[in-house]
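# Examining the three-dimensional arrangement
Next come the chains, spelled out residue by residue.
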Amino acid sequence: MHFNKKIKFKNYLIEIKLKKKSFSIKNRYYFGYPVGEKKLFHNKNLSFQCRKLSGYFFIIEINKDHINFYTDIVGNYRVYYYQEKNFMFVTDDLNSIIKRKKKNSFKLDKNGFNFYKLKNYTPGNKTFLNGIFKFQPGSKFSIKNSDHLSIKRYYLNYENLPNFKILKDEFDENFRNQFRLLKNKKIILFFSGGRDSLL
């Protein structure tokens, strides 16, 4: 099932086209595979919710005067956007952006492309093409009654000094929580397709 939606704030139009919607709760739309306890999805604080969720996901929260986009902490659910005057297009299909415009409208971003060849990913919000951007990992993107896209990190930075008790407690809580979620469930293993998958 495709998710197609047009949202207008004053003179600004946002068009969203995503391939699959996992589920929705009130004004929130979840994509990908967010993993967490059922009660977590009803928490009003979406930034808190995103910090606690596992899996890969993209969340859209639509309000009367603003819209928020949330990405998973490592950006595994890739979503792209481009903006023009009074218009923003959001999609998980890069080709659909290119098809909307003339074929040669977007020029190759040489810095993004060269970085990808070295590191196997593009930095920040860059893609291979100038003018087309990706939503960065672990972030909340907001548009309120205008074309201004504000970006905030939703996760809290830990102090830089090693604190093994905090690390151990966090690991222990996450590890136990994952097993609680898997109880009486069919288990699916995701492999990266790289050398680590052969271990």
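What you see is a predicted model, and the numbers here were worked out from it, not measured in a lab.

Conventions used here
- Residues numbered from 1 in each chain as written.
- Predicted model: local features only at pLDDT ≥ 70, side-chain atom pairs only at ≥ 80, totals over all residues.
- Heavy atoms only, no water.
- Pairing = 2+ DSSP bridges.
- Helix = DSSP H or I, 4+ residues; strand = E, 2+ residues; numbered from the N terminus.
- Axes fitted to C-alpha atoms, helices over the stretch in contact; angles between N-to-C directions.
- Phe/Tyr/Trp six-rings, centres within 6.5 Å; stacked < 30°, edge-to-face > 60°.
- Buried < 20%, exposed > 50% of the residue type's maximum accessible area, 1.4 Å probe, protein only.
- Lys NZ or Arg CZ within 6 Å of the ring centre and 35° of its normal.
- Salt bridge = Lys/Arg side-chain N within 4 Å of Asp/Glu carboxyl O.

Strand order in the open sheet made by the six strands is 3-4-5-6-10-11, with antiparallel pairing throughout. Both outer strands of the open sheet, strand 3 (23-25) and strand 11 (149-153), are each paired with one neighbouring strand and no more. Pairs of neighbouring strands in the sheet enclose a mean axial angle of 20°, with direction left out of account. Looking at chain direction, strand 6 (residues 66-71) and strand 10 (residues 139-144) are connected through five bridges and run antiparallel. When the bridges of strand 10 are listed, Tyr-70 appears paired with Lys-140.

So, about the packing of aromatic side chains. Throughout the structure, instances matching the rule amount to 22 aromatic pairs. Here the aromatic rings of Phe-58 and Phe-135 are separated by 5.3 Å at their centres, their planes lie at 50°, and the arrangement is tilted. In this pair, Phe-58 sits in strand 5 (residues 54-62) while Phe-135 sits in the loop between strand 9 (133-134) and strand 10, placing the two residues 77 residues apart along the sequence. By the burial criterion, Phe-58 is buried, and Phe-135 matches it. A connected cluster of aromatic rings, assembled from ring pairs, spans Phe-3, Tyr-29, Phe-31, Tyr-33, Tyr-56, Phe-58, Phe-69, Tyr-77, Tyr-81, Phe-133, Phe-135 and Phe-141. Sitting over the ring of Phe-89, Arg-100 keeps its end group 4.4 Å from the ring centre.

Moving on to the pattern of salt bridges. As enumerated under the stated definition, the model contains seven salt bridges in all. One salt bridge in this structure joins Glu-15 and Arg-100, with 3.4 Å as the shortest N-O distance. Of the two residues, Glu-15 is situated in strand 2 (residues 12-18) and Arg-100 in helix 2 (residues 94-100); the sequence distance between them amounts to 85 residues. Of the residues examined, Glu-15 reaches a relative accessible area of 7% and is grouped as buried.

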